[in-house]
Amino acid sequence: MIVDESESSGRWEAITFSALLILLVMRVVFTGLSPLNLYADEAQYWRWGDTLEWGYYSKPPMIAWVIHAVTSVFGNAEWAVRLPAAFLHTVGATFIYFLARDMYGPRVGMFASLGYALMPAVILSSVVISTDGVLIPFWCAALWALWRLRSGLGGWASALGLGAAVGLGFLSKYAMLYFAIGSVLVLVIDAQSRRALFTWKGLAALAVAATIFAPHLAWNAANDFKTVSHTVDNANLSGDLINPENALTFLVDQLGVFGPISFLALIFGIFVIRSEDEGIMGRDRWLLCFILPVLLIILAQAVLSRANANWAATAYPAASVLVASWLARARPNRNLWYIIAAISFLAFLLAPDVSLTTRLLIGAIVAAAILGFGHFVRHSPSGLLWTSLTLHAVLMLALMTIALVPPSLSTSLGFDNALKRTRGWDSAAEQLFARAEELGATSVLVDEREAWHGLDYYARDRVTPMISWRRYAGPKSFSEAEPLEGALAERVLVASIHPGMRPRLRSDFQTFEHVGAISIPLGTRSNGCPIVREFQLYVGSGYQRQDRTPEWETRFDGQTEFKPAPCPAPEAQ
């Protein structure tokens with residue numbers, strides 16, 4: 001291991017852990033004050049936490065266990081469901097510091113740890129509960145333990161810690177598979193890693209990981225491998241398999257996940273950064289084994305079908321360390337600053353769900369700030385690290401402020417569309433189940449997974465059961481686990497969000513009477529059109545589920561009921 005021994009770790013550790021503590025306090029306070037409803041996935045994970053299993057419909061069990069542990073102590077309020085997120089990412093950032101310190105020194109450790117903690121994806125993931133947020137601390141711990149074994153610093157504790165981190169990571173999200181791929185690559189390219197892992201310690205790590213993960217595999221085998229099959233379904237490789245335009249979308253998305261400066265520095269460094277020190281290059285290549293496979297696999301997935309922006313999240317713990325190391329040791333480069341400023345401006349213009357005026361303003365401010373600070377630090381690449389941290393800190397404060405301000409202000413800033421999924425579920429649940437009681441419904445039937453989970457959480461004390469309608473022959477989500485049958489089907493209050501589903505829903509009932517609508521205002525789009533979550537209500541009886549044949553599916557193509565008028569309205573001819 002080659003690090004700068006002249007650096008005093010005390011100063012950099014004090015800065016790092018003081019900043020992480022401040023961030024933790026801010027995130028916990030924001031979580032307690034946030035008026036935002038749980039979004040559908042959070043509500044789903046909360047529902048899973050009702051029962052402790054070794055697996056659930058679409059994910060391994062760790063996130064449900066974590067939520068269960070916290071809500072069993074603090075209750076089921078939104079802040080309690082989300083509370084673990086801030087602590088989990090703080091733990092991840094701590095492991096990142098130790099990894100970067102051991103690889104490149106404490107100064108790089110500080111930049112890497114805070115770069116991770118202030119990464120845009122982590123800013124969001126620290127105030128909502130997600131499987132990525134649960135996975136990443138184990139991923140970071142596994143990286144550090146593996147490096148300690150490789151560098152000779154670690155003994156049996158590191159080996160057992162590596163196995164535990166990998167096993168618990170697999171219980172958090174199957175994306176831990178990328179860690180296994182990275183480990184295989186380092187074994188291929190790095191003799192020191194082979195010497196460290198082809199030992200009894202490496203075998204012990206493997207045994208511990210397998211022992212921890214085995215009960216989940218057994219649960220899957222006993223439940224038709226439904227978690228695994230859902231993961232395969234998510235790949236969505238049954239349609240058109242060449243979509244090259246998705247590559248650009250994926251890359252632009254990563255500017256928002258890792259941060260524009262960090263991601264562009266990563267791409268620039270892969271092709272440009274070199275070192276005469278083979279020890280440093282060996283460490284760089286070691287980290288790249290845990291970065292490039294993730295990015296390339298998800299990029300290929302995007303081109304073949306689709307890829308969510310966060311699917312590449314596991315590339316960025318190692319990338320935080322590598323980018324910090326590259327920029328901390330690189331020579332001044334004026335062109336790098338200009339390129340990053342220009343692409344950052346363009347990236348903000350492509351941001352979704354925000355008005356064009358807001359995008360232009362933010363993009364111009366960010367580009368000007370990058371260029372101004374670059375001149376101040378004489379275009380030293382290490383200055384980009386401070387610029388990135390500052391930019392992300394301002395972004396975090398801005399997002400927290402937007403979430404806390406009155407809706408009228410978020411409307412004027414053009415952020416209502418971005419916040420719509422976390423608004424209005426409490427009001428919708430109250431109104432819908434009041435109507436169900438008024439109408440004497442034996443159950444409530446909804447036609448969307450997200451609606452079921454939003455209503456499920458905010459009507460968690462309901463008496464009337466709620467069912468999610470099955471469009472297909474079998475259940476396609478956790479929300480569809482319970483069928484509509486028996487006494488539940490006698491007098492059904494149908495709450496439909498999708499105009500195109502209503503003719504299909506109608507075909508399952510002998511009588512299907514429209515009884516009104518519930519409209520929940522969620523804000524205003526940048527073009528002035530209102531954002532509304534509208535449930536059209538029907539009372540259905542004589543339920544007889546139609547066979548889900550191809551003929552039944554196509555019979556209703558193009559048919560709708562109560563389709564909203566377009567906005568803005570077409571101009572009169």
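Residues numbered from 1 in each chain as written. Predicted model: local features only at pLDDT ≥ 70, side-chain atom pairs only at ≥ 80, totals over all residues. Heavy atoms only, no water.

Another aspect to go through is the state of the cysteines. Throughout this description, disulfide means a covalent bond between two cysteine sulfur atoms. Evaluation of the coordinates by the stated rule reveals 1 disulfide. Between the sulfur of Cys529 and that of Cys567 lies a disulfide, 2.1 Å long from S to S. Between Cys529 and Cys567 the disulfide shows an S-S torsion of about -100°. By sign, it is left-handed. Of this pair, Cys529 sits in the loop between strand 4 (509-524) and strand 5 (530-543) while Cys567 sits in the segment after helix 26 (550-555); the two residues are 38 residues apart in sequence, bridging distant segments of the chain. (Disulfide = S-S within 2.5 Å. Helix = DSSP H or I, 4+ residues; strand = E, 2+ residues; numbered from the N terminus.)

Our focus in this paragraph is the packing of aromatic side chains. Considering all chains together, one arrives at 27 aromatic pairs under this definition. Pairing Trp147 with Trp286 gives two aromatic rings, centres 5.0 Å apart and planes at 75°, and the pair type is edge-to-face. Remark: Trp286 occurs in helix 15 (residues 278-288) and Trp147 occurs in helix 7 (residues 131-151); sequence separation between them is 139 residues. Trp286 shares its class with Trp147; the two are buried. On the basis of an interplanar angle of 80° and a centroid distance of 6.4 Å, the ring pair of Trp452 and Phe478 is categorised as edge-to-face. Of this pair, Trp452 sits in helix 24 (residues 449-458) while Phe478 is found in the loop between strand 2 (466-468) and strand 3 (492-496), placing the two residues 26 residues apart along the sequence. Among the aromatic side chains, those forming a connected cluster through ring pairs are Phe17, Phe95, Tyr97, Phe98 and Trp144. A cation over a ring is seen here: Arg460 above Tyr457, with NZ or CZ 4.3 Å from the ring centre. (Phe/Tyr/Trp six-rings, centres within 6.5 Å; stacked < 30°, edge-to-face > 60°. Buried < 20%, exposed > 50% of the residue type's maximum accessible area, 1.4 Å probe, protein only. Lys NZ or Arg CZ within 6 Å of the ring centre and 35° of its normal.)

Time to look at the sheet that holds strand 3. The mixed open sheet is built from 5 strands, whose spatial order is 2-1-3-5-4. The sheet terminates laterally at strand 2 and strand 4, the two strands that pair on one side only. Here the average twist between neighbouring strands, direction ignored, is 25°. Direction of pairing for strand 1 (residues 443-446) relative to strand 3: parallel, over a ladder of 4 bridges. Across the sheet, the residue bridging to Val444 is Leu493, located in strand 3. Strand contacts of helix 23 (residues 425-439): strand 1, strand 2, strand 3, strand 4 and strand 5, with the helix running at about 155° to strand 4, the strand carrying the most contacts. (Pairing = 2+ DSSP bridges. Axes fitted to C-alpha atoms, helices over the stretch in contact; angles between N-to-C directions. Contact = heavy atoms within 4.5 Å.)

As a further point, take the side chain of Ser193. Relative to the helices and strands, Ser193 is located in helix 10 (residues 191-197). Among all residues touching Ser193, those that are not within four sequence positions of it are Arg150, Val186, Leu187 and Trp286.

This next bit is on the nonpolar core. Core analysis: the biggest nonpolar cluster contains 149 residues, and Leu162, Phe179, Leu266, Tyr316 and Phe535 have the highest contact counts within it. Considering each element in turn, this core owes the most residues, 14 residues, to helix 7. If you look at the next biggest cluster of nonpolar residues, it comprises 15 residues, including Leu488, Phe512, Trp552 and Phe556. (Core = buried A, V, L, I, M, F, W, Y, C linked by side-chain atoms within 4.5 Å.)

Attention now moves to helix 1 (residues 9-33). The end-to-end C-alpha separation of helix 1 is 36 Å, in line with the 36 Å expected for 25 residues at 1.5 Å each. Those residues of helix 1 that sit buried are Trp12, Thr16, Leu20, Leu23, Leu24, Arg27, Phe30 and Thr31. At its buried positions, helix 1 is contacted by helix 4 (78-104), helix 5 (106-117), helix 6 (120-125) and helix 20 (381-404). (Expected span 1.5 Å × (residues − 1).)

For the rest of this paragraph, the subject is the pattern of salt bridges. Applying the stated rule across the entire model yields 19 salt bridges. Close ionic contact of Asp132 with Lys173 constitutes a salt bridge, the shortest N to O distance being 2.7 Å. Here Asp132, found in helix 7, pairs with Lys173, found in the loop between helix 8 (156-170) and helix 9 (177-189); they are 41 residues apart in sequence, far enough to count as distant. The pair formed by Asp132 and Lys173 is uniform in burial state, with each residue classed as buried. (Salt bridge = Lys/Arg side-chain N within 4 Å of Asp/Glu carboxyl O.)

Take Trp156: it is sitting in helix 8. Note on Trp156: relative accessible area 47%, which makes it partly exposed.

Working note: a packed helix pair is described by the angle between its axes plus the distance between those axes. Here helix 3 (residues 62-74) crosses helix 7 at 100°, and the two axes come no closer than 9 Å. One element, helix 3, and the other, helix 7, form an angle in the roughly perpendicular class. On the side of helix 3, the interface is formed by Met62, Ile63 and Val66, while helix 7 contributes Thr131, Val134 and Phe138. Classifying every residue of the contact of helix 3 with helix 7 gives 5 nonpolar, 1 polar and no charged. (Parallel < 35°, antiparallel > 145°, perpendicular 65-115°, else oblique. Nonpolar A, V, L, I, M, F, W, Y, C, P; charged D, E, K, R; others polar.)

Let us now look at unusual backbone geometry. With a phi close to 55°, Arg378 is a non-glycine residue in the positive phi region. Within the secondary structure layout, Arg378 lies in the loop between helix 19 (356-376) and helix 20. Phi is positive for Phe562, which is not a glycine, with a value near 55°. With respect to the secondary-structure elements, Phe562 resides in the segment after helix 26.

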